[in-house]
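One letter stands for each residue in the lines below.
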Amino acid sequence: MLFNKLIPVFAAAAQALPQPASAHCRDIQIPITVSQPRFIVTASLKDDWDVAALTLNLTRRDSGHSADPLPINGATTSSVKSTYTVGATLCGNGGPTLVLTHGIIESKLYWNPSFPGSKQYNFIDAAVAAGYSVLSYDRIGVGSSPKVNSLTDAQFQVEVAVLEGLVNYAKTKAHATKVALVGHSYGSYISSAAASNIAVDGLVLTGFSGTFDYFPPFVAGASLRVARTQNPLRWGKLDSGYLTTADLYAETYVYYAAPYFEHSVAEYTFNVGSEPFAVGELPSLLATTINYKNIKAPVYVLQGQFDVSACGGNCVGVVNNTKTIFTGSKALEYVEDLPAGHNLNFHKVAPQAFQKIFSFLSKHGVKP
Ligand SMILES: *[C@@H]1O[C@H](CO)[C@@H](O)[C@H](O)[C@H]1NC(C)=O
Ligand SMILES: *[C@@H]1O[C@H](CO)[C@@H](O)[C@H](O)[C@H]1NC(C)=O
């Protein structure tokens, strides 16, 4: 209870101060210019009634088919050029560099939590200790990155182009000699799409199975609400197309698996780490074909077994199908049964999961 009461204080502190700049890490702003066609997303949301209607539309058994098409009405005929000043954290001085992309209803704090006892869940600390440089960032629309339009800017292919821009930044400005992309959830799709377009040296996917078959329990179970009315203090400046979970327990259902996590950790993610996502992000992902077979880099799929959105709550017998997706990769390894739910980094197994990632990357030449 005490911890729960303290959380608003942490939340206020986290908003007021940038992450403490340790010897290795600094918060930076990276302007990225992208030029991409935009989907015309028709799911305009003004309140929670609209969100309930959208939830039904996206979770109908015939969703995405002709009776219930995606809420998209074509795309712009030409590319739309935008510059976003991305909020990022850079740790280390170059060399082998990991570029991290977080998932939806998350922020870059997913990789770098700060609460009493958070050390074992801190991917960035573990990566820095292993000798890597690390670039993490808030996706556009999230946290320290600019607020963007939830329908016209926050789209999958735009976010893929942003990541490609960040990889270019790592190589040209941050002295990266090798780059591995590490994604979680929606960030794994972004990382895969980027790795199919540009050369990288490794691809690590978590909260990912390569199939959208289990999105409905996630979309329904998250009990999505308009973020600005859900928490005006934190999110009053976002447009009404930004969504978040209804409460701590809805978020726990989609992101955690008992008994493999501490309740206080789920409280931290709900109260501090989580940030809303934009309604344009899901249909634009579903409407994009990712050319997985173009990915040459070695791929590591690392899964908590009990992941709802990736596997419908059991990854055994699902994640093995990634063998049929990454047919052009130099190597594919997968783990389908870590004792964890979707938020792998916040389960007790996190330290072992981190070491597995570093071992895989080292084995394939991305090593300090
Ligand atoms: C849901 O689908 C119906 C048609 O079946 C459509 O009229 C409505 O606008 C959709 N709602 C949202 C919020 O996408
Ligand atoms: C994955 O495992 C399931 C269940 O054992 C099986 O039905 C399926 O054929 C396997 N897929 C591949 C590509 O081996």
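Residues numbered from 1 in each chain as written. Chains lettered and ligands numbered in written order. Predicted model: local features only at pLDDT ≥ 70, side-chain atom pairs only at ≥ 80, totals over all residues.

**Quick notes on the overall build of the protein**
So, step 1. Helices and strands together make up the secondary structure of the protein, namely 13 helices and 13 strands.
So, step 2. Taking 21 Å as the expected radius of gyration for a compact globule of 368 residues, we find that the protein reaches 19 Å, a close match to that expectation.
So, step 3. Counting over 368 residues, the protein shows a buried share of 52%. (Helix = DSSP H or I, 4+ residues; strand = E, 2+ residues; numbered from the N terminus. Rg over C-alpha atoms; globule rule 2.2 N^0.38 Å. Buried ≥ 20, exposed ≤ 12 C-beta atoms within 10 Å, placed from the backbone.)

**Here's the deal with the environment of Gln-29**
So, step 1. In this fold, Gln-29 is placed in strand S1 (residues 25-36).
So, step 2. On the neighbour-count criterion, Gln-29 (12 C-beta atoms within 10 Å) is exposed.
So, step 3. Residue contacts for Gln-29: discarding those within four places in its chain leaves Thr-85, Val-86 and Gly-87. (Contact = placed C-beta atoms within 7 Å.)

**Observations regarding the UniProt feature "domain: AB hydrolase-1" (unreviewed entry) in the protein**
So, step 1. This chain's UniProt record puts "domain: AB hydrolase-1" (unreviewed entry) on residues 98-302.
So, step 2. Between the C-alpha atoms that bound residues 98-302 there is a distance of 16 Å. The span itself is 37% helix and 18% strand. (UniProt positions renumbered as here; feature names shortened; annotations may be inferred.)

**A closer look at helix H10 (residues 263-273)**
So, step 1. Here H10 lies mainly inside the structure; 8 of its 11 residues are buried.
So, step 2. Among all positions of H10, only Val-265, Ala-266, Tyr-268, Thr-269, Phe-270, Asn-271, Val-272 and Gly-273 are buried.

**Some details on the site of ligand 1**
So, step 1. Residues in close proximity to ligand 1 include Ala-43, Asp-50, Ala-53, Leu-54, Asn-57 and Pro-71, which together make up its full environment.
So, step 2. Across the shell around ligand 1, the residue classes break down as 4 nonpolar, 1 polar and 1 charged. (Near = placed C-beta within 6 Å. Nonpolar A, V, L, I, M, F, W, Y, C, P; charged D, E, K, R; others polar.)

**Some thoughts on the sheet that holds strand S6 (residues 133-137)**
So, step 1. Spatially, S1-S4-S6-S5-S7-S8-S12-S13 is the arrangement adopted by the 8 strands of the open sheet, whose pairing is mixed. Two strands lie at the open edges of the sheet, namely S1 and strand S13 (332-338), each paired on one side alone. Here the strands of the sheet are splayed against their neighbours by 20° on average, with no regard to which way each runs.
So, step 2. Of the strand pairs in this sheet, S1 and strand S4 (residues 80-91) are connected by 12 bridges, and their pairing is antiparallel. Bridged to Ser-35 within S4 is Lys-81.
So, step 3. On top of the sheet, helix H13 (residues 350-363) reaches strand S7 (176-184), strand S8 (202-206), strand S12 (299-304) and S13; it is set at about 170° to S12, its chief contact. (Pairing = 2+ DSSP bridges. Axes fitted to C-alpha atoms, helices over the stretch in contact; angles between N-to-C directions.)

**Topic: the packing of helix H4 (residues 156-172) against helix H5 (residues 186-197)**
So, step 1. Interhelical geometry of H4 versus H5 gives an angle of 65° and a closest axis separation of 9 Å. Classified by chirality, the crossing of H5 by H4 is right-handed. When H4 is examined against H5, the residues Glu-159, Val-160, Leu-163, Glu-164 and Val-167 are found in contact with a partner set consisting of Ile-190, Ser-191, Ala-193, Ala-194 and Asn-197.
So, step 2. Residue classes in the contact of H4 with H5 are distributed as 6 nonpolar, 2 polar and 2 charged. (Left-handed = near helix turned anticlockwise from the far one by under 90°.)

**Quick word on H5**
So, step 1. In this model H5 runs 17 Å from its N-terminal to its C-terminal C-alpha over 12 residues, within 8% of the 16 Å that 1.5 Å per residue would give.
So, step 2. When you tally the buried positions in H5, you get 11 out of 12 residues, the bulk of the element.
So, step 3. Of the positions making up H5, those classed as buried are Tyr-186, Gly-187, Ser-188, Tyr-189, Ile-190, Ser-191, Ser-192, Ala-193, Ala-194, Ala-195 and Ser-196.
So, step 4. Buried residues along H5 sit against strand S5 (95-101), H4, S7, S8 and helix H11 (281-286). (Expected span 1.5 Å × (residues − 1).)

**Side note on the packing of helix H9 (residues 248-255) against H10**
So, step 1. Orientation of H9 relative to H10, taken along the N-to-C sense of each, is 110°, at an axis distance of 10 Å. In terms of axis orientation, H9 runs roughly perpendicular to H10. In the packing of H9 onto H10, the handedness of the crossing is right-handed. Counting all contacts with H9, which are made through Leu-248, Glu-251, Thr-252 and Tyr-255, the residues of H10 involved are Ala-266, Glu-267, Thr-269 and Phe-270.
So, step 2. In the contact of H9 with H10, the residues fall into 4 nonpolar, 2 polar and 2 charged. (Parallel < 35°, antiparallel > 145°, perpendicular 65-115°, else oblique.)

**Regarding the environment of Gly-207**
So, step 1. Within the secondary structure, Gly-207 is located in the loop between S8 and helix H6 (215-221).
So, step 2. Considered as a pair, Gly-207 and Tyr-110 are 97 residues apart in the sequence and their alpha carbons are 12 Å apart.
So, step 3. Not counting the four nearest positions on each side in its chain, Gly-207 is found in contact with Gly-103, His-184, Ser-185, Ser-188, Asp-307, Ala-310, His-342 and Leu-344.

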